[in-house]
Amino acid sequence: NPCPKKQVITRDPLPLKLKPIEINLSVIGPYIDYLKEKQGVNNVFVNGTTGESMSLSVEERKLLAEEWCRKAKGKMDQVIVHVGCLSLKDTQELAHHAAQIEADGIAVIAPSFFKPSSADVLRTFLQEVASTAPTLPFYYYHVPSVTGVNELIEGIEKVIPSFRGVKFSGSDLMDLGQCISYIPPHWSVLYGIDEQLLGALVMGVHGAVGSTYNYVGCHVNKLISAFETGDLVQARTIQFKIQELVSFAIKLGFDVGVNKQLMNELSGLDLGPPRLPVMTCPAARALAIKQKYDSIFPE
Ligand SMILES: CC(=O)N[C@@H]([C@@H](O)[C@H](O)[C@H](O)CO)[C@@H](O)CC(=O)C(=O)O
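Residues numbered from 1 in each chain as written. Predicted model: local features only at pLDDT ≥ 70, side-chain atom pairs only at ≥ 80, totals over all residues.

Can you help me understand the overall build of the protein in this one?
Helix and strand counts for the protein come out as twelve helices and seven strands. Expected size for 299 residues packed as a compact globule is a radius of gyration near 19 Å; at 20 Å, the protein falls within 12% of this value. When the 299 residues of the protein are sorted by exposure, 38% land in the buried category. Nonlocal contacts in the protein, meaning residues at least 24 apart in sequence, comprise 68% of its contacts between residues at least 6 apart. (Helix = DSSP H or I, 4+ residues; strand = E, 2+ residues; numbered from the N terminus. Rg over C-alpha atoms; globule rule 2.2 N^0.38 Å. Buried ≥ 20, exposed ≤ 12 C-beta atoms within 10 Å, placed from the backbone. Contact = placed C-beta atoms within 7 Å.)

See below:
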């Protein structure tokens with residue numbers, strides 16, 4: 001019988017939301033205060049992965065970047081605005097805008113639908129973007145699935161004089177080490193895998209950009225200080241705690257939507273839900289991760 005009478009539906013029904021979730025600029029100011037005062041975070045990287053940039057319109061990204069820059073003035077050391085889009089024109093428009101609003105730097109990820117066919121092609125894409133904001137420090141947002149970083153950065157300063165470093169979101173320590181050993185002293189490599197930052201610090205990264213720093217920022221600052229003073233036992237202890245939290249979350253299902261909910265719960269601010277196709281985190285999952293957080297990092 002091709003048409004069974006009974007069907008068992010085991011999936012949770014998807015929420016039917018016809019209108020996209022709107023951005024809420026009013027929470028940015030209070031969120032900056034929370035990051036600074038409660039997490040000891042003094043630099044922000046906005047409109048990246050955690051900020052769901054790829055789900056936002058160019059206009060929305062401009063409004064968000066503007067508000068971050070305005071509210072962070074005098075409070076944060078740096079606001080780096082990620083401006084990468086699938087379209088070169090949109091990326092250029094956002095880069096130009098970031099310069100107008102006096103962001104401290106821009107970062108660009110490689111387009112991921114029509115992927116650049118070689119490092120040379122990607123370098124040309126980045127060069128075209130950088131030329132629209134030539135005075136802004138420029139960071140390449142490296143996600144290894146798109147292209148190798150080392151072939152890309154070799155000689156890049158000749159075509160992008162404003163090049164200042166890489167946001168490195170790969171786990172290959174050989175690739176990372178070669179990137180760090182290549183770069184001049186005025187560039188930075190910012191590491192993007194929170195659960196293995198300590199390994200990257202040993203390799204020589206200069207900083208870290210990560211989603212979990214929204215709520216473990218204060219602990220990561222202690223990890224970095226412990227590393228810098230040579231207290232590896234303490235640095236490892238903190239790193240292992242972060243690993244415990246992340247692996248617990250991954251087992252339950254960890255994505256940008258879950259992160260967003262954790263930011264809500266742990267900041268105490270109403271930052272709202274994510275936008276489709278990122279799904280809102282089920283309440284039970286957020287609660288379980290929050291309880292785990294509280295047990296790993298008691299007040
Ligand atoms: C793929 C991804 O979202 N990576 C995160 C990490 O912080 C990641 O969530 C964390 O290491 C847990 O795996 C960040 O690198 C993303 C990030 O910094 C950004 O918002 O641009």
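Hey, could you run me through the site of the ligand in this one?
For the ligand, the set of nearby residues contains 15 residues, the closest of which are Gly48, Thr50, Gly192, Gly210 and Ser211. Classifying every residue of the shell around the ligand gives four nonpolar, nine polar and two charged. (Near = placed C-beta within 6 Å. Nonpolar A, V, L, I, M, F, W, Y, C, P; charged D, E, K, R; others polar.)

I'm lost on the sheet that holds strand E1 (residues 43–46) in this one. Help?
Within a sheet, adjacent strands bond to each other through the backbone by hydrogen bonds, running parallel or antiparallel. In spatial order, the strands read E1-E2-E3-E4-E5-E6-E7; together these seven strands make up an open sheet with parallel pairing. The open sheet has two edge strands, E1 and strand E7 (207–208), and neither has a second partner. One ladder, built from four bridges, connects strand E5 (residues 163–168) with strand E6 (residues 188–191); its direction is parallel. By the bridge assignment, Lys167 is partnered in E6 with Leu190. (Pairing = 2+ DSSP bridges.)

Looking at this structure, how should I read the UniProt feature "active site" (unreviewed entry) in the protein?
Per the UniProt annotation, the sites labelled "active site" (unreviewed entry) are Tyr141 and Lys167. These residues run over 27 residues, yet every pair of their C-alpha atoms falls within 4.6 Å of each other. Looking at where Tyr141 falls in the secondary structure, it is placed in strand E4 (residues 138–142). Note on Tyr141: 24 C-beta atoms within 10 Å, which makes it buried. Setting aside anything within four residues of it in sequence, one finds Tyr141 in contact with His82, Gly84, Ala107, Val108, Ile109 and Lys167. Looking at the element boundaries, Lys167 is found in strand E5. Each residue touching Lys167, except ones within four places of it in the same chain, is listed here: Ala107, Tyr139, Tyr141, His142, Leu190, Gly192 and Val209. (UniProt positions renumbered as here; feature names shortened; annotations may be inferred.)

Got a minute to help me understand the packing of helix H10 (residues 232–252) against helix H12 (residues 283–296) in this structure?
The axes of two packed helices give the description: the angle between them and the distance between them. Contact pair H10 / H12: the axes reach a minimum separation of 10 Å and the direction vectors enclose 165°. On the basis of their axis angle, the class for H10 and H12 is roughly antiparallel. Where H10 crosses over H12, the handedness of that crossing is right-handed. Residues Lys241, Glu244, Leu245, Phe248, Ala249 and Leu252 of H10 touch H12, and the partners they reach there are Arg285, Ala288, Ile289, Lys292, Tyr293 and Ile296. For the contact of H10 with H12, a count of residues per class yields eight nonpolar, no polar and four charged. (Axes fitted to C-alpha atoms, helices over the stretch in contact; angles between N-to-C directions. Parallel < 35°, antiparallel > 145°, perpendicular 65-115°, else oblique. Left-handed = near helix turned anticlockwise from the far one by under 90°.)

Just to check I follow, could you spell out the environment of Ser53 for this structure?
Tracing the chain through its elements places Ser53 in the loop between E1 and helix H2 (58–72). The exposure class assigned to Ser53 is buried, which follows from the 21 C-beta atoms found within 10 Å. For the pair Ser53 and Gly84, spaced 31 residues apart in sequence, the C-alpha to C-alpha distance is 8.5 Å. Non-local contacts of Ser53, meaning those with residues more than four positions away in its chain, are made with Asn47, Gly48, Arg61 and His82.

Help me understand the packing of helix H3 (residues 88–100) against helix H4 (residues 119–130), please; the structure alone is not making it clear to me.
Packing of H3 against H4 brings their axes to within 8 Å, and their N-to-C directions diverge by 40°. When the axis of H3 is compared with that of H4, the two are oblique. Once H3 is placed against H4, the crossing between them reads as right-handed. Residues Leu88, Thr91, Gln92 and Ala95 of H3 lie in contact with H4, whose contacting residues are Phe125, Glu128 and Val129. By residue class, the composition of the contact of H3 with H4 is four nonpolar, two polar and one charged.

Before we go on, may I ask you to explain the UniProt feature "binding site: pyruvate" (unreviewed entry) in the protein in this structure?
Feature annotation in UniProt places "binding site: pyruvate" (unreviewed entry) on Thr50 and Val209, given in this structure's numbering. In terms of the greatest pairwise C-alpha distance, the residues named above, spread along 160 residues, form a tight cluster of at most 10.4 Å across. As for its placement among the helices and strands, Thr50 is situated in the loop between E1 and H2. Relative to the helices and strands, Val209 resides in the loop between E7 and helix H9 (213–228).

Where do I start with the pairing of E5 in this structure?
Two faces make up the sheet, and in a regular strand the side chains alternate between them. Counting buried residues along E5, six of its six residues qualify, which places the element largely inside the surrounding structure. Relative to E5, E4 runs parallel, the two being bridged by five bridges. Along E5, the bridge assignment pairs Tyr139 with Gly165. Each parallel crossover has a hand, and for E5 linked through helix H7 (residues 173–182) to E6 it is right-handed. (Right-handed = clockwise from strand over helix to strand, strands pointing away.)

Any chance you could explain the domain arrangement of the protein here in plain terms?
Examined at the domain level, the protein breaks down into domain 1 (25–210) and domain 2 (229–299). Placing a centre on the C-alpha atoms of domain 1 and another on those of domain 2 gives a separation of 23 Å. Contact residues are listed per partner, giving twelve residues for domain 1 and 15 residues for domain 2. Those elements giving two or more residues to the side of domain 1 that touches domain 2 turn out to be helix H1 (28–39) and helix H8 (197–203). Ranked by the residues each element gives to the side of domain 1 that touches domain 2, the list is headed by H1, at three residues. (Domains from an automatic or database assignment.)

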